[in-house]
Amino acid sequence: MADPNGKGNGSGEPPVLEISGLRLSYYTRAGEVPAVMDFDLTIAKGESVGLVGESGCGKSTVANGIMRYMGKNGGIVGGTIKFQGRDMAELSEEEIRRVRGKDIAMIYQEPMAALNPSLTIAAQLMEVPMIHEGVSEEEAFQRSFDMLAAVNIPDPKRLMDSYPHQVSGGQQQRVVIAMALLSKPALLLLDEPTTALDVTVEAGIVELIAELSKESGASLLYISHNLGLMLEVCDRICVMYSGEVVEEGHIDSIFSWPKHPYTHGLFGCIPLPHADKNARPLAAIKGQLPLPHQRPKGCYFGPRCESFQAGRCDADHIPMEDVHTDDDPAHRVRCLRWNEIDHDAVVSNETTREPIEVGDTVLEVDNMRKYYDVKESTLATLISREAVRQVKANESISFDAGEGETVAIVGESGCGKSTFAKVLMGLETATDGEVRLDGTDLGSIEVKKRTPEQLASLQMVFQNPNDTLNPSHSVGYQIGRVIKRFGIESDPAKIQDRVHKLLDTVKLPRAFAARKPRQLSGGQKQRVGIARAFAGNPKTVIADEPISALDVSVAAAVTELLMDIQREHRTTLLFISHDLSAVRYLSDRVVVMYLGQIMERGTTEEVFAPPYHPYTEALLSAVPIADPEVEKRRIVLEGNLPSPLDPPKGCPFSTRCQRKVGSICDDEPPPVRLDTEGHSIACHIPLEELREVEPVITIPDRDLEATT
Amino acid sequence: MPQLIMRRIGMMILIMLTVALLLFLMNEGDPRLIARSVLGPYAQDQQLDAWIVQHGYDRHILVRYVEWIGRVMSGDLGDSIIYKRPVNEIFWDRLGNTGILAGVTFVVMVIVALTLGVLAGMKEGSTQDRVISVFSITTTSIPEYASAVLLAWIFVFTLGWLPGTSSMTSGFNVVELILPVMVLTLYGFGYVARMTRASMAEVMTNPYIRTAMLKGLPYRHIIMKHALRNALIAPFTVIMLQINWLLSGVVVTEFAFGYKGFGALLLEAALRRDIFVIEACGTAAVFVAVFTQTIGDLGYTYLNPRIRFK
């Protein structure tokens, strides 16, 4: 155990963190809830270890346990956590306080929430060295200033005096990182540090963390649900399921030869570049994560496992076993049958589907603009009479979508994709241009003035199912109400019948009609959201980040479900997302937006291959891919999204573009260049030049049939 | 910020003028009623009419309103009908007395309320929290006249430590202030304490408190520097509202201890239709109400940088 993977330092150096047999529990009214069981982990100096798993698997509890920060109702029940040789359980409150923030520091998921809103950034940074090392205020200021510069913040002076809400999300996270690194910790705990950030920002943060930890020699414990990200940042990973590690080992070993059916299942859920919605659809893991007090006997994954063997897998608790591979002596797995299972034979992705034939054009967006007036009431603007400024949330948006087609709208937050959805739904009306659904212009009709047919024909699946279902009404009532309002049925018995059919469609038991949203899991709620959207047989459904709030295995199931229903109803699907992997997997055509404008559009193949718009290129590079064989060119964008109030005069992307030609980019709007019929790029760079750009992602030419 | 202050002050003046107009309409809307209260119940109709013409009450009410505003601005509050003296001679003394009582109570109450509220809220659900919560609910639900009697029984009659009246007949005496301050504090601190508790408990669940804990800051430092300021934002408005109540709502306590204050003056004036005293007191009360709310709003903005730097 002392030398987990023979990597890095010699055997002389003791490990930074040594956890053995750790058991963490919470105490509730129902009794003891074991959150983490039988957990072993050793992290050497400078090593970076990942902890992967879906929500509720106990990965954050481990981080809190290491910090001994479990709240009033939680605690260490068994095992030891040794940090730099000291047993954390034996430290006094005062001693543990000195370890926190000094020797072990943490970086959090939501930087905005992690920073105190009413203290300046300077105050929050300076207190770290002042309290831990007793340095003077001047020195604390200087150190904080230098650290902000070290985390690549362009204007540290201004930032020091700012309050957290005044800086962007990416910068907030850099501040949190700076705060963690100020006292040169030996161990950094990162709890989903980039989950709340945009992909291009994430890429920058990931690069920064890797750089800084290499410089400082700190060890990292990186917690995430994102396998692709793990591949980029970790040396080793532990896969957790329902409170225990089910598989651990060197990153390459786990990604290339996953032994545990759960690990294998996870990879089957991720839309990797070689996945295809028709030829090689995602294989969701059946069932759902058991609650801590409902864990089955034997293997916890048993009920969801394709290779489950009754009498064997459900007999005793499964111990970790060594997988003796030559490449990775530390590869261990918690499965009795790891040696017997032929994963390639098990995985059920032999199911193929016929591609949907795209029919006539259903939705046409023609030169749609949406401007918002922003009133300013400062004295200066009152005098200069420029009290009203315009924010161009959408500028000349044009595209169309056919029956049964999936069109993805891609872009980061602030690109105008949600405004576009609002105009479509009638929550806003277009300033100019038309949005025609079956020939009728809906862009200027607000939602209250739309006929029930118009409302029913254009529906939406929302991002966060927790917020979009009314907590005080039953599922059946909420779906039934839509059916009634859209005038599809009026007889209560028929409505109920239809509700049941819709629940069948989204693969939920009919009994769920009587349940309240709080009795459902996230994935089930999203299924209800989909049932609600499809209640009126819509022609077009807008899915606004429908899977980004869901766990990997749940997201796969919801994605597949959405496509099944689409196939059945020949629905036009507008898929709004920032997740390019999902977009590549399920869309036929892609529209890339930046700051309210279309940068590139075309079929999925066209957009994902050169010629790229430089922004598309950067987006593609930013998305982590959970496949070690995929080679990726690294492009990290500098700077922030410009304010929509003050957009660049020329090309909107000119301030961050890695291929900027010169002043023409700043001064003149780019021409729209047609590559093929339907594939257009708005850029000053000639197409010939863009065509010569190397692909960002190189997928190895492997025929999976051949390897089996 | 300066712009905000200017806007708020403008707003304040507007509200003052509007409320003063209502006050004026209610008191001086019917000139005969004024004449009647000045001249007494036995005056003849002709006398009333003559008085009205003589004192210019036959003019349009808005003209009189503007004139009245002008007089008030120049410091002339008119004459008291009962005391037959300028209102100025009685009014400021009484206001000053209540100012002292209210000021002392305010300071004591805010300190007690915030301390207890923070102590309760920082460990939600603990014994400490429950004891404080029950205590503050209990004291708040005992009306002032009841606690005045109860405290007088303990400290005046049983222990004999404190004087039973606070009329300050032989000049200002701090000891005489103790009982009224106690009664007011007991009654009033509960609202602020419970508000602070709720706000503090909410703040303590915020991720930034976890950040502060895991930065290894001492608990005291976390409470004082990270939690308190955020926890004060919500109770601040309630604290400001207390000033209003302390000025005009203390009449029961003033009566109970024979304290010659503003509340007692207003009550007397109202009972005896002493119009100019009512107007003076009303205007003062409105001014304090509007002023404290303005300060409250500005302070709120100051405490919350998310509003300050939009």
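Engineer: Provide a residue-level description of the interface of chain B and chain A, including the pertinent values.
Structural biologist: Chain B puts 23 residues into the contact, and the matching count from chain A is 31 residues. Counting the surface lost from both chain B and chain A, the interface buries some 2,500 Å², and carbon and sulfur atoms represent 57% of this. When residues of chain B are sorted by the area they lose upon contact with chain A, R210, L214 and K215 of chain B head the list and together hold 28% of the total. Taken together, chain B and chain A are joined by 2 salt bridges. As a salt-bridge pair, E127 of chain A and K225 of chain B come within 3.4 Å of each other at their nearest N and O atoms. Along the contact surface separating chain B from chain A lie 16 residue pairs in polar contact (both at pLDDT 80 or more).

Engineer: Residues and numbers for the pairing of strand 2 (residues 31–43) of chain A, please.
Structural biologist: All names here are of chain A. Taking burial as the measure, the 13 residues of strand 2 include 10 buried ones, the bulk of the element. Relative to strand 2, strand 1 (residues 17–28) runs antiparallel, the two sharing 9 bridges. Paired with Y26 across the bridge in strand 2 is V33. With antiparallel pairing between neighbouring strands as the criterion, strand 1 and strand 2 make up a hairpin whose turn holds 2 residues.

Engineer: Report on the sheet that holds strand 4 (residues 74–83) of chain A, specifying residues and quantitative values.
Structural biologist: All names here are of chain A. Pairing is antiparallel in the open sheet, where 4 strands are placed in the order 2-1-4-5. The strands lining the two open edges of the sheet, one partner per strand, are strand 2 and strand 5 (86–87). Strand contacts of helix 1 (residues 59–66): strand 1, strand 2 and strand 4, with the helix running at about 105° to strand 1, the strand carrying the most contacts.

Engineer: How would you summarise the sheet that holds strand 12 (residues 332–333) of chain A if you had to cite specific residues and measurements?
Structural biologist: Residue and element names in this part refer to chain A. The sheet built from 8 strands is open, its strands ordered 6-7-8-3-9-10-12-11 with mixed pairing. Two strands bound the open sheet, and with one partner strand each, they are strand 6 (104–107) and strand 11 (321–322). Pairing of strand 7 (residues 187–191) with strand 8 (residues 219–224), which is carried by 5 bridges, proceeds in the parallel orientation. When the bridges of strand 8 are listed, L190 appears paired with Y222.

Conventions adopted
Residues numbered from 1 in each chain as written. Chains lettered and ligands numbered in written order. Predicted model: local features only at pLDDT ≥ 70, side-chain atom pairs only at ≥ 80, totals over all residues. Heavy atoms only, no water. Contact = heavy atoms within 4.5 Å. Buried area = accessible area lost by both parts, 1.4 Å probe. Salt bridge = Lys/Arg side-chain N within 4 Å of Asp/Glu carboxyl O. Polar contact = N/O pair within 3.5 Å; in protein donor to acceptor, adjacent residues only side chain to side chain. Buried < 20%, exposed > 50% of the residue type's maximum accessible area, 1.4 Å probe, protein only. Helix = DSSP H or I, 4+ residues; strand = E, 2+ residues; numbered from the N terminus. Pairing = 2+ DSSP bridges. Axes fitted to C-alpha atoms, helices over the stretch in contact; angles between N-to-C directions.

Interpretation note: all reported values are geometric properties and have no functional meaning in isolation.
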